[in-house]
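Now for the letters of each chain:
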Amino acid sequence: MHDRHRIPRGAGRRALLAGASLGLLAAPGILRAQERFPSRTIEVVTHSGAGGGTDITARMMMVQAPAEFGVELTVVNRTAGSGTAALAYAASKPRDGHTILLITQTHLLTMLRNRLPTQLDDLVGIARATEDPQVLMVKAGSPLADPQAFIAASRGRSLKYGGTHVGSVDHVSIFAFARAASFTAPTLVPFRGGGDIIINLVGGNIDAALANPAEAEAQIRAGEVKPLMALSRQRLAALPDVPTAIELGIESVAATSRGFAVLKGTPEDRVARLEEGLLKAMNSAVFQNYLRTSGQAPDSVAGRQVWQRQLAAFNTEGREALTTLGLMR
């Protein structure tokens, strides 16, 4: 009796071979899906030296992160070139999620000014870590130590602002703030760092400074420096009596922001896993206490949609400022 469903010998072999081939082609994908991530130490690359604000942010995040990821994390400090060395190091590593960047607006300005091969479109934001609002400060007792007097003076002449260097984050912030307020273009006076800026503000060598509150905490307590307005979305807990620029009719927000990113090409499932783990690590009691004690905004920690949108906005603002100031190569 013949089997009506019998497969001819040649056809059966061909079918078996085809099935085996499909299985081999699918195997890498199956293995990829089954591979545990992360599977080894995660490197956190920063342009800050050991002990700097960005370096400290990374290490505070790393207190809880190993428990969230199940692997160790290590900081890689690449300090040269205002972010150039850090970007180059990250670009030299596999885009597999085991190398992440801790970036600030400085990286974006460096990319823009130097036309680096890596630009914002090559970065994928993962999570924001800190948001350190800037505050407009003047010398206490000066004729400018009143918001309305300061605004009137700024629209009549070019005031001198202290900053770190030409083309820096604070230079761009000063430019954007003055433009939003319709001030006469301010003059930047560069100094080595925030400490020198505050000393010269107290000494009367400059008219104003946009600084983070922690940089002038001692001078504010001593009554030597007067905070005039906060460039934040809401009043700061540390300076509850200081109005925001928005309250005074100036639509300007500025902060020193730090957050994590990977290079484009990192698999989406790994980006999502990194975001999840970092947010859990930074919502821990240890990191939240760090935010409070260092004067950061209480809503500093945010996911990738907020962080990527903020990076895009600052990139646009930075490009406009650098172009207007003649600082784009």
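Above: the structure in question.
Calculation rules
Residues numbered from 1 in each chain as written. Predicted model: local features only at pLDDT ≥ 70, side-chain atom pairs only at ≥ 80, totals over all residues. Heavy atoms only, no water. Buried < 20%, exposed > 50% of the residue type's maximum accessible area, 1.4 Å probe, protein only. Helix = DSSP H or I, 4+ residues; strand = E, 2+ residues; numbered from the N terminus. Arc of directions from axis to C-beta. Contact = heavy atoms within 4.5 Å. Core = buried A, V, L, I, M, F, W, Y, C linked by side-chain atoms within 4.5 Å. Pairing = 2+ DSSP bridges. Axes fitted to C-alpha atoms, helices over the stretch in contact; angles between N-to-C directions. Parallel < 35°, antiparallel > 145°, perpendicular 65-115°, else oblique. Nonpolar A, V, L, I, M, F, W, Y, C, P; charged D, E, K, R; others polar.

S.K.: Pulling in residues and values, what's your account of helix α8 (residues 194-202)?
M.R.: All of the buried residues in α8 are G194, I197, I198, N200 and L201. Down the axis, α8 shows its buried residues gathered within 165 degrees of arc, on one side only. In this fold, the buried residues of α8 make contact with β5 (135-139), β6 (160-163), α7 (169-180), β8 (208-211), α9 (217-221) and β9 (225-230). Taken from the residues just after α8, G204 is the one with a positive phi, measuring 80 degrees.

S.K.: Describe helix α11 (residues 285-293), with residues and values.
M.R.: The complete set of buried residues in α11 reads F287, Q288, Y290 and L291. Burial along α11 is one-sided: seen end-on, the buried residues are contained in an arc of 155 degrees. Among the exposed residues of α11, those oriented more than 90 degrees off its buried face are A285, R292 and T293. Here the buried face of α11 lies against α2 (53-61), β4 (123-133) and α10 (268-282).

S.K.: Tell me about the nonpolar core, and name the residues and values.
M.R.: In this structure, V44, M61, I100, F260 and M282 are the most contacted members of the largest nonpolar core, which totals 27 residues. In this structure M282 touches M61, A127, R128, A129, F260, F287, Q288 and V301, once residues within four positions along its chain are discounted.

S.K.: With reference to specific residues and values, describe the pairing of strand β1 (residues 42-46).
M.R.: For β1, a buried count of five out of five residues is recorded, marking the element as mostly surrounded by other parts of the structure. The alternating pattern of β1 places I42, V44 and T46 and E43 and V45 on opposite faces, both of which are buried. Relative to strand β2 (residues 73-77), β1 runs parallel, the two being bridged by five bridges. Bridge pairing in β2 places I42 opposite L73. With four bridges joining them, β1 and strand β3 (residues 99-104) adopt parallel strand pairing. Counted as the bridge partner of T46 is L102 from β3.

S.K.: Tell me about the packing of α2 against α11, residues and numbers included.
M.R.: Interaxial distance between α2 and α11 falls to 9 Å at its minimum, and their mutual angle equals 155 degrees. Put simply, α2 runs roughly antiparallel to α11. Counting all contacts with α2, which are made through G53, I56, T57, M60 and M61, the residues of α11 involved are V286, F287 and Y290. Looking at the contact of α2 with α11 residue by residue, the class counts come to six nonpolar, two polar and no charged.

In short, the description is geometric, and any link to function would need to be established separately.
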